[in-house]
Protein chains: 2
Amino acid sequence: MDGGAQEIVALVEMLSKLPGLGPRSARRVALHLVKRRTQVLVPLGDMMKRVAENIRECGICGNFCTGELCDICLSRERDSRIICVVQDVADLWAMERGGDFSGRYHVLGGLLSYIDDVGPETLRIPQLIERVRAESVAEAILALSATVDGQTTVHYIAEKLVESGVSVSTLGQGVPIGGELDYLDDGTISAALKSRKTY
Amino acid sequence: MDGGAQEIVALVEMLSKLPGLGPRSARRVALHLVKRRTQVLVPLGDMMKRVAENIRECGICGNFCTGELCDICLSRERDSRIICVVQDVADLWAMERGGDFSGRYHVLGGLLSYIDDVGPETLRIPQLIERVRAESVAEAILALSATVDGQTTVHYIAEKLVESGVSVSTLGQGVPIGGELDYLDDGTISAALKSRKTY
């Protein structure tokens, strides 16, 4: 990277710290940007500025929005009696792409973790419990990852919510669509066997 | 991506068009940026603006710089009698990382290509020929890719430069350091055999 202008070296350095990018791909992206200054670099920089200035968290669910509340919380077509609890906005997007869920969301902002010292107060768990109490929520779907931290969080939230009389469910586990048995881990096969359906 | 604010959708769309990024990795990067607004998003946007405003091409070699000429062309420690011809600034960076070359560069900005309709005038080839004539250049190293377009470009430039009496060389071909014979293609093995050295 010697012989490059200071600004480009700094840009590559910043890009290389983004998730999924390393030094080599950061250099490729930086070159791409500098070569397409007016078509790509300037619009992207402007859009980042707009996002930084306008995007905030929805006051109810934690989704990203430009106003006080997000489109989903504002929509009258979404069922407010069902709340899907997700780890992150990325998971909310994944659920929305599926297109099968017509309720509302609650974004935790992470998972409970003893190793990383993440407790319930760091996440939006108190807000969830408060929300379930205040609104007339019938069911809470805990759509969290099937990892240790994910399941710890499921157990913690489920215990708290069951106290307030709401029905709590988790996502079904089993063979993913298009999945080949040979490539699945033992845990998944065991879960799929337990949740087998009569044909 | 439904249920996201318009700005984030637009940001993901732009990011997904960068080289090496697809829709999924663009979403990951966008989330990373929005979550770390002050530490990452704002500085990165600012740096892109600075690069867009300040970076231009060196008037001699085509490297990126902030002034009229780049650091390498301005340096008195670089040998001006040897010019290394590269396709892109990325290749200039790669040569500089090697640290073995102490001459100057000439960035073509691409390779000749009949398929993509790239002729000598689209690239900085006329400037190279003019430069070799004007400056007292002793050797031109054509450090271009070992692809069809790369070798077409090598042949074209070599013919033009030999006319002006300069010594023209290309990079040596053979087994890369750490390379296992079993994984190399036939062309490389054949090239390595031709350029074998007595032990």
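None of these values were measured; they are calculated from a predicted model.

Within chain A, the regular secondary structure consists of eight helices and six strands. Reading the secondary structure of chain A in the N-to-C direction produces α-α-α-β-β-α-β-α-β-α-β-α-β-α. The C-alpha atoms of chain A give 21 Å as radius of gyration, which overshoots the globular expectation for 199 residues (16 Å, by more than 25%). Expressed as lengths along the three principal axes of its C-alpha atoms, the size of chain A is roughly 65 × 50 × 35 Å.

Residues and elements named next belong to chain A. In spatial order, the strands read β4-β3-β5-β6; together these four strands make up an open sheet with parallel pairing. Taken across any chain shown, the strands that pair with only one partner, and hence form the sheet edges, are β4 (103-107) and β6 (167-170). Across the sheet, the mean angle from the axis of one strand to that of its neighbour is 25°, orientation sign disregarded. Inspection of the sheet shows strand β3 (residues 79-86) paired to β4 by five bridges, in the parallel sense. In the sheet register, D79 faces β4, and the bridge partner there is G103.

On to the pattern of salt bridges. Applying the stated rule across the entire model yields 18 salt bridges over all chains. Between B:R50 and A:E7 there is a salt bridge; the shortest N-O distance is 3.4 Å. Within this pair, whereas B:R50 is found in helix α3 (residues 37-54), its partner A:E7 is found in helix α1 (residues 6-15), the two belonging to separate chains. Classification of A:E7 by relative accessible area gives buried; the value is 9%. With a shortest N-O distance of 3.8 Å, A:E53 and A:K49 are connected by a salt bridge. On the criterion of helical spacing, the pair formed by A:E53 and A:K49 is a turn pair, its members being four residues apart in helix α3 (residues 37-54).

So, about the interface of chain B and chain A. The interface of chain B with chain A comprises 53 residues on the first partner and 53 residues on the second. Of the roughly 5000 Å² buried between chain B and chain A on both sides combined, carbon and sulfur atoms contribute 72%. The largest contributions to the chain B side of the interface with chain A come from B:E7, B:M48 and B:W93, which together make up 15% of the buried area. Summed over the shared surface of chain B and chain A, the number is four salt bridges. With a shortest N-O distance of 2.8 Å, A:D88 and B:K35 are connected by a salt bridge. Across the contact surface, chain B and chain A share eight residue pairs in polar contact (both at pLDDT 80 or more). Elements supplying a minimum of two residues to the side of chain B that touches chain A: α1 (6-15), α2 (23-35), α3, β2 (64-65), α4 (71-74) and α5 (89-98) of chain B.

Time to look at the nonpolar core. Formed by 76 residues in total, the largest nonpolar core has its most connected members in A:L15, A:L33, B:L15 and B:L33. Not counting the four nearest positions on each side in its chain, B:L33 is found in contact with A:L18, A:M48, B:L11, B:L15, B:V40, B:L41 and B:L44.

This brings us to the sheet that holds strand β6 (residues 167-170) of chain B. Residue and element names in this part refer to chain B. The parallel open sheet is built from four strands, whose spatial order is β4-β3-β5-β6. On the outer flanks of this sheet lie β4 (103-107) and β6, each paired with one strand and no other. Put simply, the sheet's adjacent strands are angled 25° from each other on average, direction ignored. With respect to the sheet, helix α6 (residues 125-134) is in contact with β3 (79-86) and β4, its orientation differing from that of β4 by roughly 150°.

As a further point, take the pairing of β6(A). Residues and elements named next belong to chain A. Two elements, strand β5 (residues 139-142) and β6, share four bridges in a ladder whose sense is parallel. Counted as the bridge partner of L142 is T170 from β6. For the segment spanning β5, helix α7 (residues 148-163) and β6, crossover handedness is right-handed.

Basis of the calculations
Residues numbered from 1 in each chain as written. Chains lettered and ligands numbered in written order. Predicted model: local features only at pLDDT ≥ 70, side-chain atom pairs only at ≥ 80, totals over all residues. Heavy atoms only, no water. Helix = DSSP H or I, 4+ residues; strand = E, 2+ residues; numbered from the N terminus. Rg over C-alpha atoms; globule rule 2.2 N^0.38 Å. Pairing = 2+ DSSP bridges. Axes fitted to C-alpha atoms, helices over the stretch in contact; angles between N-to-C directions. Salt bridge = Lys/Arg side-chain N within 4 Å of Asp/Glu carboxyl O. Buried < 20%, exposed > 50% of the residue type's maximum accessible area, 1.4 Å probe, protein only. Contact = heavy atoms within 4.5 Å. Buried area = accessible area lost by both parts, 1.4 Å probe. Polar contact = N/O pair within 3.5 Å; in protein donor to acceptor, adjacent residues only side chain to side chain. Core = buried A, V, L, I, M, F, W, Y, C linked by side-chain atoms within 4.5 Å. Right-handed = clockwise from strand over helix to strand, strands pointing away.

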